[in-house]
Every structure is written in C-alpha cells, then in structure tokens.
Amino acid sequence: MRFDNSRESDNVEDRRGGGGGRSVGGRGIGIGTIVLALVAMYFGVDPSVVLNQATNGPAPSAVSRPAGPPANDAEAKFVRHVLAETEDTWAQIFKDNGKQYAAPTLVLFEGRTPTACGTGQSAMGPFYCPGDQKVYIDLAFYQELKSRYKAPGDFAQAYVIAHEVGHHVQNLLGISGKVQAARQRAGEREANALSVRLELQADCLAGVWAKNADAARNILEAGDVEEALAAASAIGDDNLQKQAQGYAVPDSFTHGSAEQRMRWFKRGMASGQLGVCNTFQSKAL
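Worth saying up front: this structure is predicted, and the values here are computed from it rather than measured.

Chemist: Before we go on, may I ask you to explain the state of the cysteines in this structure?
Modeler: Disulfide: a covalent bond connecting the sulfur atoms of a pair of cysteines. Evaluation of the coordinates by the stated rule reveals two disulfides. Between the sulfur atoms of C117 and its disulfide partner C129 the distance amounts to 2.1 Å. Taking the sign of the S-S torsion, about 95° here, the bridge from C117 to C129 comes out right-handed. Here C117 is found in the loop between strand 3 (112–115) and strand 4 (118–121), whereas its partner C129 is found in strand 5 (residues 127–129), with 12 residues between them in sequence. There is no split in this pair, since C117 and C129 are both buried. Disulfide pairing places C204 opposite C277 at an S-S distance of 2.1 Å. With the S-S dihedral at roughly -75°, the linkage between C204 and C277 falls on the left-handed side. Pair noted here: C204 is in helix 7 (residues 188–217) and C277 is in the segment after helix 10 (258–271), with a separation of 73 residues, a long-range link.

This is the structure:
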C-alpha cells in the first residue's frame, strides 16, 4: 500500500501494555469453546455471545492506558493510516448519499480488554462492537494471519480493518440492528444464514472502500488485491472448520465460505458502489 497522500487517524485508543495480560481468566476454556473460537474467531457480527462464553467465570478486568496519543511504532502508524483512509472514504460516500458519517474508534489491546459487548479476547480475532462503536484488534493477529493462515502483506492487514469498519457502516445504516433482531426470532440454521449475509456484505463494503480510496488517493500497489483475497479465503468458514475438525458443515457457517468471501470483496471492488452489496436480496451468495 502507498500512504503518500494519506494522513493518520486520531481515533485510535492504545490499551497495549495496560495489564490485560494474555491469560484468559475465569475457570478455563473447554474444548468446545476452543473449536467454536477457531470457527468464529475472525470478523464477528455480535461478539458478545462468544466472548462471554470464552470464560467460565466472571469477566476479567483490564486496566487500560488513557486514550492519549497513540504509540508511534510502525504497526500502530500503519493502523492509523488505514483507519484514516476508511474515515475519509466513507465520509465522502455517506456525503454523496445525503448522510453524515460518524467514524468509529479503533482500540489496540493485548490479551483481553473490556468492551460494551463483553470481555474482548485476542483468541477471538479482530471484531466490531456495535454497543460502543469501536473496532478491537490485538496486533498479534497479523502475525497469525501471516504465519498460520498464509495470508501475508500490508493490504491483507488493511482488509481486516476495512471489514470491521464495514460492520460499523452496517451499524450506522441500521442494517446490523435489523439482522440481529431477525436472528433472535429465527431458528439456528436461519440465524446462521443471516449472519453469513451480514458478513459477506461487510466483505463487499471492504471492496467498496478499496475501490474508492484508490481512486481518490492512489493507495494500491501491484499484488495488493491478491493479498486481500488471500486473507478473505483464509478465514472462510469452510477453511477454518476443516482446520479445526477436518471437515466443513455448511449449515453451521456464520461468515461464508472462502469462495463467497472472495467473490463479494471482488464485487465491491469492481463497482465501488454501495448498491452492489445488498447480500440480503441476492438469491445466490
């Protein structure tokens, strides 16, 4: 990625080193929770359920740093550049559609941290909490993405942030609330299907962001899109389930298959228009 024309966002809250630790707290994690975490660890719709189930005891507390100036290490600077790109891009898209964009805060943490959706833990991967409109990420995830899931590259990392910001966009547009309400009324299979559509829409919105950010500020370099697609494929439900248990169960998917996630990112990237991301009216995902 190129950041020659990019600023750095001020909407980063750095809680690293605040005493959250890397232990999980409570009375320990069972095998079933570990399997669930492997399947649902990335890009959660409503992380409160999984996050609260990850510990069998009271939610551990975390002492965080004050939300002062973020650290100036290279990873933090990268995150601030990418977040600024999402802010500028979505502000313009919202303006073009007669709306005003309210940017989320991105929280950097280590191990675990309190959120409005329960106790956030590194094992769950990056996530967006609609309760406080914040994106949470432990930067150790990027090493995991590179080494374990074979999806290296700076734009793979940017895609992670863009996807979570896509959930914020869904929240601002009222989509997330409607889907969550529908999921609570539905059976398990239908609820899973709704979650898949929400996740694939966030992938599509990440593609919309990439298209518009590149058009405005020329951020993409050769190979960047392929890096994002590799990341989307790596965290497809089918690939995660096969890694966790040796086989995939499509009815249990909550985020979409590798092929679906790549397809919807490419769809948003090709068009750059919000209208192409209506996964809820698409007969074929």
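More follows now that the structure is in view.
Chemist: Any chance you could explain the packing of helix 3 (residues 74–96) against helix 5 (residues 154–172) here in plain terms?
Modeler: The angle between the axes and the distance between the axes are what describe a pair of packed helices. For the pair helix 3 and helix 5, interaxial distance at closest approach is 10 Å and the crossing angle is 40°. Classified by the interaxial angle, the pair formed by helix 3 and helix 5 is oblique. Once helix 3 is placed against helix 5, the crossing between them reads as right-handed. Here helix 3 contributes F78, V79, V82, L83, T86, W90 and F94 to the contact with helix 5, which in turn contributes D154, Q157, A158, I161, V165, V169 and L172. Looking at the contact of helix 3 with helix 5, its residues break down into 11 nonpolar, two polar and one charged.

Chemist: Please explain the sheet that holds strand 2 (residues 105–108) as it appears in this structure.
Modeler: Across the sheet, which stays open at both edges, the four strands sit in the order 1-2-6-5 with mixed pairing between neighbours. The two strands at the open ends of the sheet, each matched to only one other strand, are strand 1 (12–14) and strand 5. Across the sheet, the mean angle separating the axes of adjacent strands is 25° when strand polarity is ignored. Where strand 2 and strand 6 (residues 134–137) come together, four bridges link them in parallel fashion. Paired with L106 across the strands is V135, a residue of strand 6.

Conventions used here
- Residues numbered from 1 in each chain as written.
- Predicted model: local features only at pLDDT ≥ 70, side-chain atom pairs only at ≥ 80, totals over all residues.
- Heavy atoms only, no water.
- Disulfide = S-S within 2.5 Å.
- Helix = DSSP H or I, 4+ residues; strand = E, 2+ residues; numbered from the N terminus.
- Buried < 20%, exposed > 50% of the residue type's maximum accessible area, 1.4 Å probe, protein only.
- Axes fitted to C-alpha atoms, helices over the stretch in contact; angles between N-to-C directions.
- Parallel < 35°, antiparallel > 145°, perpendicular 65-115°, else oblique.
- Left-handed = near helix turned anticlockwise from the far one by under 90°.
- Contact = heavy atoms within 4.5 Å.
- Nonpolar A, V, L, I, M, F, W, Y, C, P; charged D, E, K, R; others polar.
- Pairing = 2+ DSSP bridges.

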